[in-house]
Amino acid sequence: MYRSMMLINGEQVEGASFDIIHNPANQEPVAEVVIGEAIDAVRALEAAQRAFPEWSSASQKRRCELLHDAAEIVRERADHIAELLTMEMGKPIRDSRREVLSAADTLDYFAEEGMRNIGDWISTGDTRSIVTKQPVGVVSLITPWNYPVELLAWKVGPALASGCTAVAKPSSLAPVAATEFVMAVNEAGLPPGVLNIVHGSGDTVGAELVTNPISRKISFTGETSTGRWIMEAAARHLKRVSLELGGHAPMIVFDDADIDAAASACVRRAFGNMGQVCISVNRVYVADAIAEDFTERVLRRTLKLRIGDPLDPEVDLGPMVSERQRRKTREHIEDAVRKGARILCGGREPEGSLFARGYYFMPTVLTDVDHTMRMMREETFGPVAPIMRFSGEEEAVRLANDTEYGLAAYIYTDSLRRAVRIAERIEAGSVGVNLGSVIDHHAPFGGWKQSGIGRELSHRGLDEYMEIKHIRLGL
Ligand code: NDP
């Protein structure tokens, strides 16, 4: 069985205990993961603190070269890391591979962006102002299980490019691929202590990374409730926080849209990774005039999705990560049906021996839904596509914004004027117009309202790891 160690100060270390990770597709053991305690987080933070002076004063060129080398090593190991990722959390192997390669691209992106980390020179009379950006120091990087490699790369890339040193803590549900990623990055030749990884529960190891004064910033991706606690705890030391939290993305399909493109994006975005994505389509609003046609196409495409062993490259959907996630999905569907929703497909586990021991669930399309239902208000984090009709722009915008979240939204329309008009009124950090994806390394990503604070990706993502200093010169 695979063994996953922690990495502190450049050395693989044991923990106080270990945990067995089971494959959500069949409950077979996948890996033995060493589990640390708060003291391991402290050791890792201290190692990062020792490494900080050298790393932060290294030239940008050196950091950039190391990050490019790290990206190459991650690419070389993509198959291995992807396989572990699929086996620990159930994502289809094609998607896992894409995730790992995208993580490598993220390192390349920030290697380049780090080279452009430039300040300002301002001349006023007989004074000159030099405005520089300096790394904030040691940073804690805490990540969830749904994109354990990619979301960690979004943090590791800018942290290291800016000159910060870091301690990562992956989710206990899926720590293996993330750890392999960190090992690969280290093998590029990082000085010991620049990038560490510790395992353990959020309550102990995670909380230490948040509260220990050595770390000057916390970059967290996970649930809104955890993010709230982290922000409160971080306030004691006035630490900087970036919080990428829950989402509840609406998709609005207007009557002038390319219906087939919209249906295709809806299916991909609602069911990809079994809906366990913060930017999944959670609510679909479709114009009255095309509602029947659109729903029919969504249904046809959903029925074609292949569910099965996620290691099979032909499979579209694997199992969910855990029984807990599957139960929550079931509960949301039962609640909706009790309140009048109609299930058009799915709503249950698939039948057959292949599915008997895994957390499988069928992609579920529902109509006759309304905002009294839990799935229209809370993050299901499961494969559901509730479709609701609307009869005008005002209603569409009102429904889309009727949520405490504000991470992503999608609009389908052929009218440029309408697209801009609506996109500007949507309360979310990212709006996809005629696109089912809002992620681009060059553009900032982050939430409004209860979806978080701060931005990742782009030069703004890099700025989150830097302090600004003004040096005023008298001539
Ligand atoms: P959690 O908030 O449960 O956990 C996220 C991470 O935080 C885990 O590593 C967890 O450790 C750790 N953690 C838990 N409690 C604490 C604590 N008190 N102090 C420090 N760390 C802690 O989220 P999930 O793993 O369940 O991830 C799913 C959530 O992530 C969804 O709500 C989803 O929307 C959100 N998400 C947001 C994204 C975004 O970009 N906005 C992207 C992807 C997901 P452990 O679990 O090991 O105990």
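Residues numbered from 1 in each chain as written. Predicted model: local features only at pLDDT ≥ 70, side-chain atom pairs only at ≥ 80, totals over all residues. Heavy atoms only, no water.

Caption draft 1: Just the site of the ligand, in detail. With respect to spatial proximity, 31 residues lie near the ligand, and among them Ser172, Thr226, Leu245, Cys278 and Glu379 are the closest. Trp145 has a polar side-chain atom sitting 3.1 Å from an oxygen atom of the ligand. A distance of 2.9 Å separates an oxygen atom of the ligand from a polar atom in the side chain of Lys169. Within the complex, 89% of the 910 Å² of free accessible area of the ligand lies under protein. Mapped onto the shell around the ligand, the elements with two or more residues apiece are α7 (202-211), β11 (215-221) and α8 (224-235). With four residues, α7 is the single largest residue contributor to the shell around the ligand. Residues belonging to the shell around the ligand are distributed by class as follows: 14 nonpolar, 13 polar and four charged. Split by domain, the residues of the shell around the ligand number at least three in each of domain 1 (2-245 + 451-474) and domain 2 (249-440). (Near = heavy atom within 4 Å. Polar contact = N/O pair within 3.5 Å; in protein donor to acceptor, adjacent residues only side chain to side chain. Areas by Shrake-Rupley, 256 points an atom, 1.4 Å probe, with all protein chains shown as cover. Helix = DSSP H or I, 4+ residues; strand = E, 2+ residues; numbered from the N terminus. Nonpolar A, V, L, I, M, F, W, Y, C, P; charged D, E, K, R; others polar. Domains from an automatic or database assignment.)

Caption draft 2: Summary view of the side chain of Thr367. Its location among the elements puts Thr367 in strand β16 (residues 364-367). Taking relative accessible area as the criterion, Thr367 reaches 9% and is therefore assigned buried. Ignoring any residue separated from it by four or fewer positions in sequence, one finds Thr367 in contact with Thr295, Ala341, Arg342, Leu344 and Ile387. (Buried < 20%, exposed > 50% of the residue type's maximum accessible area, 1.4 Å probe, protein only. Contact = heavy atoms within 4.5 Å.)

Caption draft 3: Structural detail: the nonpolar core. Judged by nonpolar contacts, the single largest core of 121 residues is most densely connected at Phe181 and Phe294. When we break this core down by domain, the ones giving at least three residues each are domain 1 (2-245 + 451-474) and domain 2 (249-440). Ignoring sequence-local partners within four residues, the contact set of Phe181 consists of Val74, Ile81, Ala103, Leu107, Val149, Leu152, Ala153 and Val156. If you look at the next biggest cluster of nonpolar residues, it comprises 25 residues, including Ala48, Val138, Leu209 and Ala233. (Core = buried A, V, L, I, M, F, W, Y, C linked by side-chain atoms within 4.5 Å.)

Caption draft 4: Seen up close, the sheet that holds strand β6 (residues 120-124). Here we have three strands laid out as an open sheet, ordered β6-β7-β23, and antiparallel in their pairing. Each edge of the sheet is formed by a strand with only one pairing partner; in this case those strands are β6 and β23 (466-474). Put simply, the sheet's adjacent strands are angled 20 degrees from each other on average, direction ignored. The pairing of β6 with strand β7 (residues 127-135) spans five bridges and is classified as antiparallel. For Trp121, the partnering residue across the bridge sits in β7 and is Ile130. (Pairing = 2+ DSSP bridges. Axes fitted to C-alpha atoms, helices over the stretch in contact; angles between N-to-C directions.)

Caption draft 5: Quick look at the pattern of salt bridges. In total, this model carries 40 salt bridges according to the counting rule given. The partner of Glu323 in a salt bridge is Arg326, and the shortest N-O contact between them spans 2.8 Å. One end of the pair, Glu323, and the other, Arg326, are both in helix α11 (residues 323-338), three residues apart, so they sit about a helical turn from each other. For Lys449, the salt bridge goes to Glu427, with nearest N and O atoms at 2.7 Å. One end of the pair, Lys449, is in strand β21 (residues 448-449); the other, Glu427, is in the loop between α13 (416-425) and β20 (430-433), with 22 residues separating them in the sequence. The class for Glu427 is partly exposed, based on a relative accessible area of 31%. Several salt bridges share partner residues, and in doing so they unite Asp255, Asp256, Glu393, Arg418 and Arg421 into one network. (Salt bridge = Lys/Arg side-chain N within 4 Å of Asp/Glu carboxyl O.)

Caption draft 6: Representation of the packing of aromatic side chains in the model. A complete count under the given rule lists five aromatic pairs for this structure. A ring pair is formed by Trp145 and Phe381, whose centres lie 5.6 Å apart and whose planes are at 85 degrees; its orientation type is edge-to-face. Of this pair, Trp145 sits in the loop between β8 (138-142) and α5 (150-162) while Phe381 is found in the loop between β16 and β17 (384-390), placing the two residues 236 residues apart along the sequence. Taking the centre distance of 5.4 Å and the plane angle of 70 degrees together, the rings of Trp154 and Phe445 count as edge-to-face. Here Phe445 lies in the loop between β20 and β21 and Trp154 lies in helix α5, a separation of 291 residues in the sequence. Given a relative accessible area of 4%, Trp154 falls into the buried group. (Phe/Tyr/Trp six-rings, centres within 6.5 Å; stacked < 30°, edge-to-face > 60°.)

Caption draft 7: How the structure looks around the domain arrangement of the protein chain. Split into domains, the protein chain comes out as domain 1 (2-245 + 451-474) and domain 2 (249-440). The gap between the C-alpha centroids of domain 1 and domain 2 is 31 Å. With 27 residues of domain 1 at the interface, the matching set in domain 2 holds 31 residues. For the pairing of domain 1 and domain 2, the buried interface totals around 2,300 Å² over both sides, and the portion due to carbon and sulfur atoms is 56%. Of all residues in domain 1, Arg94, Trp145 and Ser451 bury the most surface against domain 2, accounting for 22% of the area lost on that side. In this structure, the connection of domain 1 to domain 2 is made through two salt bridges. On the surface where domain 1 and domain 2 come into contact, there are 10 residue pairs in polar contact (both at pLDDT 80 or more). Elements that contribute at least two residues to the side of domain 1 that touches domain 2 include exactly α3 (78-89) and α4 (93-115). Broken down by element, the residue count for the side of domain 1 that touches domain 2 peaks at four residues, all from α3. (Buried area = accessible area lost by both parts, 1.4 Å probe.)

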